[in-house]
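Structure assessment
Here is what each chain is made of, one letter per residue.
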Amino acid sequence: MARRDAGPPRTGPGEREVLLGFLGYLRAAVIAKVDGVAEPAVRTPGVPSGTNLLGLVKHLTHVERHWVLGERTTRWAATFHAKPGESVEDIVGAYRETAARVDAAVPAGDVAGLRWTLTHLIEETGRHAGHMDILRELIDGATGR
């Protein structure tokens, strides 16, 4: 099933609005990639490395918590795997909640102190959203945003 791709987001003129606008755009793409994928496919590795849709959402949650909220992660490999008792709703809910906390932590004025961090989050989220594009296509043929 092909979906129409959404163009880049419209943002306000300020640096905060641009950075958070693009990060939010990519977060929505990540969430869309797990939408409608049934168990166990949502957590089944699509490649030999073990990469799977749900694990990538969980990993991105840890990335944002680590870089912006100060919740240090020392075992990065473990963040790529959902535990058996963690549902799609649990992991996507945690990602959304974390995104809201991160957005709230970015000051309304000068974001110069967070510029590198927000750019890193955009890069990391975009990279993994691309992985998710491929995994989703392998699962059910769905393409697009």
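Residues numbered from 1 in each chain as written. Predicted model: local features only at pLDDT ≥ 70, side-chain atom pairs only at ≥ 80, totals over all residues. Heavy atoms only, no water.

Digging into helix α3 (residues 88-105)
Our working definition: Strands here are runs of E lasting at least two residues and helices are runs of H or I lasting at least four, both read from the DSSP assignment and numbered beginning at the N terminus. In this analysis, the expected span of each helix is defined as 1.5 Å times one less than the number of residues it contains. Burial classes: relative accessible area under 20% of the type maximum marks a residue as buried, over 50% as exposed, and values in between as partly exposed (1.4 Å probe, protein chains only). By arc we mean the arc of the directions from the helix axis to the C-beta atoms, nothing more. Contacts are assigned to residue pairs with any non-hydrogen atoms lying within 4.5 Å of each other.
The terminal C-alpha atoms of α3 lie 26 Å apart, and with 18 residues this matches the ideal 26 Å at 1.5 Å per residue to within 8%. Residues Val 88, Ile 91, Val 92, Tyr 95, Thr 98, Ala 99 and Val 102 constitute the buried set of α3. Projected down its long axis, α3 shows its buried positions confined to an angular sector of 125°, all on one face. In α3, the exposed positions that point more than 90 degrees away from the buried face belong to Glu 89 and Ala 104. At its buried positions, α3 is contacted by α1 (15-34), α2 (53-67) and α4 (115-140).

Considerations on the packing of aromatic side chains
What counts, and what does not: A pair of aromatic rings is counted whenever rings of Phe, Tyr or Trp (Trp by its six-membered ring) have centres within 6.5 Å, and the orientation is called stacked for planes under 30 degrees apart, edge-to-face for over 60 and tilted otherwise.
Counted according to the given criterion, the structure contains 2 aromatic pairs. Ring centres of Phe 22 and Tyr 25 lie 6.5 Å apart, and the angle between their planes is 70°; this geometry places the pair in the edge-to-face category. Of the two residues, Phe 22 and Tyr 25 are both situated in helix α1; the distance of 3 residues between them amounts to about one turn of the helix. Classification of Phe 22 by relative accessible area gives partly exposed; the value is 32%. Ring centres of Trp 67 and Trp 116 lie 5.3 Å apart, and the angle between their planes is 55°; on these two criteria the pair is classed as tilted. Placement of the pair is Trp 67 in helix α2 and Trp 116 in helix α4, with a sequence separation of 49 residues. On the basis of relative accessible area, Trp 116 is assigned to the exposed category, the value being 55%.

A word on the confidence of the model for the protein
Selection rule: Think of pLDDT as the predictor's per-residue confidence, scored from 0 to 100.
Looking at the protein as a whole, the pLDDT averages 93, with 97% of positions reaching at least 70. At the low end of the mean pLDDT range in the protein sits α1, at 96; at the high end sits α2, at 98.

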